[in-house]
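Close look at the chain arrangement
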Amino acid sequence: MSRCSAVINSNTRFSHVLIIGSGPAGLVCAETLRQEGFTDRIVMVTAEKDPPYDRPKLSKSLESTAEQLRLRSPDFLQDHDIELLTEKEVMAVDVKMRAVTFVDGLRMEYRKLFIATGSKPRPMSYQGKDVANVFHLETPEDANSIARLASNRNAVVVGTSFVGMEVAAALTDKAHSVSVIGIESIPFKKDLGEKVGKAIMKLFEANRVKFYMLNEVSQMKGHHGQLKEVVLKSGKVLRADVCVIGTGCVPASGFLKQSGVHMDSKGFVTVNKTMQTNMEGVYAGGDVVAFPFPQRNNKKVNIPHWQMAHVHGRVAALGMMGKPAEVKTVPYFWSAMFGKSIRYAGYGEGFDDVIIQGDLDELKFVAFYTR
């Protein structure tokens, strides 16, 4: 298949399908289009410098490179005529002109647009923002730096999200000390319940992780610009050579504010059953969307799971080709810590009771969340 450059002028190009984001939703959208016989131009654009990689593994395997985590090789993308543009940060979308503008001045026109920009770290307020060696885990380079800086030194993790806890677990065999700061009394209390949360906390404590719960960060203190201490609002001061902030995410949708593409009060892009937004020809999927979930009477929800992003990408691609499909899957995610695997199936909006079958102390159990 010949590749058409479709250059309109020096800074404007055209693609029949333009995909913003190279995570699982964007990649599966492109692959599904090709699998279903779409032969026109597909361009996938990402702010990342690397080809698509398995981002959830960053927090589980801090020393892995982008190449080791790669989802598809450049040869695969070339063989299937999926063009990839890296290090392109989107600035604005003009739905009337069907064009996307990027920070570097590139302008891409499209017939169909798929927005799969995912999420970005939730901002956290503290003093000492200019201190080095404080990370949000976003790239393989971040992960590699965290592992290197933590070697035989003091590591602090802020937040008991799955990412934060996975990083803490991964650092225990590298760092001299690992401390975790959380705003709840027990990790995962809201998501997994107090009993399960306590059992997981016990596992971490048995692996030398020190918890500072019901606490928040007040200040990052440095020496010659390098992190040396994390000061908590309680007044406690922790020695720290590297700090990882894992306090959750918000949708990466700011570039859509003036576009007319509808977003809810939290910034999630709202879509219909076929993953189309309120604008014709504009689709969205993955962590950035709120979509109608059949198992909740089509209430619009955000489910930021790897597996769900795959489904979104496929449904959006089929919708673009006039083969409407819907999301028909059970949400699922997994986590791994100290050789133990947590597997969660279903969509929970809170629970009244947790029924445990098995041995919680041995972490060999099934938990049913009921209401």
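To start, this report covers the structure provided alongside it. Everything numeric in this text was worked out from a predicted model, so none of it was measured. The residue count restarts for each chain, going from 1 along the sequence in the order it is written. Totals for whole chains, interfaces and linings use all residues, but because this is a predicted model, local features are given only for residues with pLDDT of at least 70 and pairs of side-chain atoms are given and counted only at 80 or more. In computing side-chain properties, one takes all heavy atoms of the structure into account and sets aside hydrogens as well as water.

A closer look at unusual backbone geometry
A positive phi angle, near 65 degrees, is found at phenylalanine 188, a position not held by glycine. Here phenylalanine 188 lies in the loop between β11 (177-181) and α5 (189-192). Secondary structure elements are taken from DSSP: a helix is a run of H or I of four residues or more, a strand is a run of E of two residues or more, and numbering for both begins at the N terminus.

Examining empty space enclosed by the protein
Here a cavity denotes a set of grid points, spaced 1 Å apart and computed over the protein atoms alone, in which a 1.4 Å probe fits but from which it cannot get out, and a pocket denotes an open set meeting protein on both sides within 12 Å along at least five of seven lines; residues with an atom within 4 Å of a point are reported as lining. Grid points are joined across faces, edges and corners, and a volume is the space filled by probe spheres set on the points. Using the criterion set out here, one finds one cavity of 30 Å³ or more in the structure. Taken as a whole, the largest cavity spans an internal volume of roughly 40 Å³. Think of it as three bins: nonpolar holds Ala, Val, Leu, Ile, Met, Phe, Trp, Tyr, Cys and Pro, charged holds Asp, Glu, Lys and Arg, and polar takes everything else, Gly as well. A breakdown of the residues in the lining of the largest cavity according to their chemical character gives five nonpolar, two polar and two charged.

With respect to the side chain of threonine 32
In this structure, threonine 32 sits in helix α1 (residues 24-35). Classification of residues uses two cut-offs on accessible area relative to the type maximum, computed with a 1.4 Å probe and protein chains only: under 20% is buried, over 50% is exposed, and between them is partly exposed. Overall, the relative accessible area of 2% leaves threonine 32 in the buried class. We call two residues contacting when some pair of their heavy atoms lies within 4.5 Å. Excluding residues that lie within four positions of it along the chain, threonine 32 makes contacts with Arg314, Ala317 and Leu318.

Section: helix α6 (residues 194-206)
Along its 13 residues, α6 runs 18 Å from first to last C-alpha, staying within 8% of the 18 Å computed at 1.5 Å per residue. All of the buried residues along α6 are Val196, Gly197, Ala199, Ile200, Met201, Leu203 and Phe204. To estimate the expected span of a helix, count its residues, drop one, and scale the result by 1.5 Å.

Some thoughts on the pairing of strand β16 (residues 242-245)
Across the two faces of β16 the burial is the same, with Val242 and Val244 and Cys243 and Ile245 all buried. Bridge analysis of strand β9 (residues 134-136) against β16 gives three bridges, and the strand direction is parallel. Counterpart to phenylalanine 135 in the pairing with β16 is valine 244. Only when DSSP finds a minimum of two bridges between them are two strands counted as paired. Where strand β10 (residues 154-158) and β16 come together, four bridges link them in parallel fashion. Residue pairing across strands places valine 156 opposite cysteine 243, the latter belonging to β16.

Points about the sheet that holds strand β13 (residues 217-223)
Strand order in the open sheet formed by three strands is β13-β14-β15, and the pairing between neighbours is antiparallel. With partners counted over all chains shown, the strands left at the sheet margins are β13 and β15 (237-239), one partner each. Neighbouring strand axes in the sheet, compared pairwise and without regard to direction, differ in orientation by 30 degrees on average. Pairing geometry for strand β14 (residues 226-232) and β15, over three bridges, is antiparallel. Pairing of glutamate 229 across the sheet is with arginine 239, part of β15. Note on geometry: axes are C-alpha line fits, over the in-contact stretch for helices, and angles between N-to-C directions span 0 to 180 degrees.

Brief notes about the nonpolar core
In this description, a nonpolar core means a group of buried Ala, Val, Leu, Ile, Met, Phe, Trp, Tyr and Cys residues linked to one another through side-chain atoms lying within 4.5 Å. Core analysis: the biggest nonpolar cluster contains 53 residues, and Val100, Leu113, Phe114, Val269 and Phe291 have the highest contact counts within it. If one sorts the elements of this core by residue count, helix α7 (residues 306-320) sits on top with seven residues. Contact partners of leucine 113, with chain neighbours within four places excluded, come to Leu18, Ile20, Val93, Val100, Gly281, Val282, Tyr283 and Met320. In terms of nonpolar packing, the next biggest core, distinct from the first, is built from 41 residues, Tyr53, Ala147, Phe188 and Met201 among them.

Observations concerning the pattern of salt bridges
A side-chain nitrogen of Lys or Arg and a carboxyl oxygen of Asp or Glu constitute a salt bridge if their distance falls within 4 Å. What the rule picks out here adds up to 20 salt bridges. Across the salt bridge formed by arginine 107 and glutamate 109, the nearest N and O atoms sit 2.7 Å from each other. The closest approach of N and O atoms between glutamate 349 and lysine 299, which form a salt bridge, is 2.7 Å. Separated by 50 residues along the polypeptide, glutamate 349 in the loop between β23 (340-345) and β24 (353-359) and lysine 299 in strand β21 (residues 299-301) bring together distant segments of the chain.

A short note on the environment of isoleucine 303
Relative to the helices and strands, isoleucine 303 is located in the loop between β21 and α7. Looking at isoleucine 303, the relative accessible area reads 2%, which means it is buried. Placed 215 residues apart in sequence, isoleucine 303 and lysine 88 show a C-alpha to C-alpha distance of 26 Å. In contact with isoleucine 303, other than residues within four places in its own chain, are Phe291, Phe293, Met308, Pro331 and Tyr347.

A closer look at the sheet that holds strand β18 (residues 269-270)
Strand pairing within a sheet occurs via backbone hydrogen bonds; the two strands may be parallel or antiparallel. The three strands are arranged β18-β20-β21 in an open sheet whose pairing can be described as mixed. What marks the edges here is a single partner per strand, and that holds for β18 and β21.

Things to note about the environment of glycine 260
Within the element layout of this structure, glycine 260 appears in the loop between β17 (249-251) and β18. Of the residues examined, glycine 260 reaches a relative accessible area of 39% and is grouped as partly exposed. Remark: the alpha-carbon pair of glycine 260 and threonine 277, spanning 17 residues in sequence, is separated by 10.0 Å. Apart from residues lying up to four places away in sequence, glycine 260 is in contact with Asn278 and Met279.

A few points about α7
Compared with the 21 Å implied by 1.5 Å per residue over 15 residues, the 22 Å span of α7 between its first and last C-alpha is a close match. The buried fraction of α7 amounts to twelve of the 15 residues, a majority that puts the element mostly inside the structure. Of all the positions in α7, only Gln307, Met308, Ala309, Val311, His312, Gly313, Val315, Ala316, Ala317, Leu318, Gly319 and Met320 are classed as buried. Immediately downstream of α7, the backbone of glycine 322 shows phi near 75 degrees, a positive value.

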